[in-house]
Amino acid sequence: MATYTRRDATAMDTWDPVLYWYARAVGEMQKRNPDEDPTSWVYQARIHGVEKSRLTKDTRPGWNQCPHGGWFFLPWHRGYLWYFEKIVRATIQQIATREGHSAPTDWALPYWNYARDPGGILPAFTSRALPAAFREPTMPENPDGSGQPVPNPLYLPDTAVPEEDFWKNPHRGVGKNSAPEVVPYDEASPYCAMLRNLFSLPLGGPVPQPSFGSGHTGSDMPHYERKGPGVLELTPHAMIHDGVAGWMGEVAGSARDPIFWLHHANIDRFWPAWLRRGVDHSNPKDKDWLTKTYTFFDEAGTLLTPTTEEVLANAGDYNYESLDSGTGEQPAVCARQLAQAEERILVTSNPGHTLSLAGPTEVPLEAANDSSQTQDFLSSGAVPETGLILTVRGIRSNVPPGTPYRIYLNPPQGQGQGQDRPDDAYFVGWVSFFGSSEGEHHGNGDGNEFSYDITERVRQLQEQGMWSEGPVTVSLVPATSIPSDLATSPHAPQPSIDRVTITTQ
Ligand SMILES: [Cu+2]
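No experiment lies behind these values; they were computed from the predicted model shown. (Residues numbered from 1 in each chain as written. Predicted model: local features only at pLDDT ≥ 70, side-chain atom pairs only at ≥ 80, totals over all residues. Heavy atoms only, no water.)

Draft legend 1. Geometry of the coordination of the copper ion. At 2.0 to 2.2 Å from the copper ion lie its protein donor atoms, namely H237 (NE2), H241 (NE2) and H264 (NE2). Along the chain, the residues donating to the copper ion are arranged with the sequence spacing H-x3-H-x22-H. Within this pair, H237 and its partner H241 are both found in helix α7 (residues 231–244), separated by four residues, close to a single helical turn. (Donors = N, O, S within 2.8 Å, 3.2 Å for Na, K, Ca; no water. Helix = DSSP H or I, 4+ residues; strand = E, 2+ residues; numbered from the N terminus.)

This is how it looks when you write it as structure tokens:
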């Protein structure tokens, strides 16, 4: 029997007791010593990722663990949230006892239900706006609303920060606190992930294909791998990190923004929602997955090493207010994301493209060789029997740009300007910067990489007479608009990609 219910933060009053007490606990955890106390705010965030300057000196147990791009993504984050929730719950009681208030003993982490309203009439706030308690600089002093307003620990400013002050100044992407949505619906919906039948790809399977939970990564727990993310991990997970931006846009900083924990509670909610959505949906049964151990801390600061099996059993003590609302019942457009690229290149761009923050960036592709497959594709859009894969490599930015980018293939002039939902015939997929910034500690310096199966896309364009002859171009368009004064300011982020290729097997 579940003891705790995680509720929808987008359906709460601004200072619902759940959010009021969360804010108080965050403030309390921020006063604890980040180096000595595992229940402190910064220590907890560093379990997810550590900023470069602290990565190699004076580290602490359990730091820098979050596995992205592998099949431990969901169970690791579930355990991470569950112990954090216990720490917050205990902290709330400490504050209440000290101050002589009463406080809920059954506090549970709320979730940010960003796909709750599919359309949303802009400029009214949609469920994809940061919940109000995260946008207000001040909060009530007391749970009954009495006293003077006090600084709100859930609030991070959203004004431009010089790159060198990235870690010094808590911040979100410019304009995000007043944005009616941090990304549009298609970027925030788990609809496409919910359609996948497998939790993870079979190891050594012949055809790379998208799965719900990730690629099968055996017993290794890579901290950040470019290969093997599941559909859920890219959309909506990485899209929301890109959309909030600032600290949330970087692996090492994200858990310092209190919205992180509500974002990941929603990601965690999609897991039971997916399990019950299809009769053949199930978790991996492999020993490598079930017996993996993780390092977390309980509310007393004691180090614990639960296995995946224990993490799953612990989760029996909570349920979610709803497993339907915002879990992908409304259609969204799906990318045909692949786990890995094939290497027979037909056409390629030149290396090194800076992406515009204001509109489309056109990347022309040229023949990589003089094979007949290449010539046929370039002259008439002929699709080889072995299919076509589009890959974007070397995706990076000095600081998070504040938006993911949509990829369009060969759009006619004037299309793909970013005002449309990505449901037009030329849409291929997304570019995410989460985990790619130069300020990140992990990467090998190559940036992010995403691959998409464009076989059907090209065939349809050709059949419908929409394939324009001549040079092939790829257009990269910000999914959500960046304030125009930022785009021209000295603090403008500098997103770029290295190369776009189209390959066949
Ligand atoms: Cu995340």
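Draft legend 2. Just the packing of helix α1 (residues 17–31) against helix α4 (residues 73–99), in detail. For the pair α1 and α4, interaxial distance at closest approach is 9 Å and the crossing angle is 90 degrees. Viewed along their axes, α1 and α4 adopt a mutual orientation that is roughly perpendicular. Here W21, Y22, R24, A25, E28 and M29 of α1 come into contact with α4, specifically with F84, I87, V88, T91, I92, I95, A96, R98 and E99. Considering only residue class, the contact of α1 with α4 consists of ten nonpolar, one polar and four charged. (Axes fitted to C-alpha atoms, helices over the stretch in contact; angles between N-to-C directions. Parallel < 35°, antiparallel > 145°, perpendicular 65-115°, else oblique. Contact = heavy atoms within 4.5 Å. Nonpolar A, V, L, I, M, F, W, Y, C, P; charged D, E, K, R; others polar.)

Draft legend 3. Broad picture of the nonpolar core. By size, the foremost hydrophobic cluster in this structure holds 129 residues, and its most contacted members are Y22, W261, L390 and L409. Per-element tally for this core: the top contributor is α4, with 13 residues. When residues of this core are assigned to domains, at least three map to each of domain 1 (4–320) and domain 2 (341–504). When residues no more than four places from it in sequence are discounted, the contact partners of W261 are Y22, W41, Q44, Y80, L81, F84, L109 and A255. (Core = buried A, V, L, I, M, F, W, Y, C linked by side-chain atoms within 4.5 Å. Buried < 20%, exposed > 50% of the residue type's maximum accessible area, 1.4 Å probe, protein only. Domains from an automatic or database assignment.)

Draft legend 4. Structural context of the domain arrangement of the protein. Per the domain assignment, the segments making up the protein are domain 1 (4–320) and domain 2 (341–504). The C-alpha centroid of domain 2 is placed 29 Å from the C-alpha centroid of domain 1. At the interface, 42 residues of domain 1 touch 34 residues of domain 2. Summed over both partners, the interface of domain 1 with domain 2 buries about 3000 Å², with 60% contributed by carbon and sulfur atoms. At the surface where domain 1 touches domain 2, the tally comes to one salt bridge. In this structure, E187 engages R406 in a salt bridge whose closest nitrogen and oxygen atoms are separated by 2.8 Å. Summed over the shared surface of domain 1 and domain 2, the result is eight residue pairs in polar contact (both at pLDDT 80 or more). Of all the secondary-structure elements, those providing two or more residues to the side of domain 1 that touches domain 2 are α3 (52–55), α5 (185–188) and α7. Considering every element that reaches the side of domain 1 that touches domain 2, the biggest residue donor is α7, with eight residues. Taken together, the residues that form the side of domain 1 that touches domain 2 break down as 20 nonpolar, twelve polar and ten charged. (Buried area = accessible area lost by both parts, 1.4 Å probe. Salt bridge = Lys/Arg side-chain N within 4 Å of Asp/Glu carboxyl O. Polar contact = N/O pair within 3.5 Å; in protein donor to acceptor, adjacent residues only side chain to side chain.)

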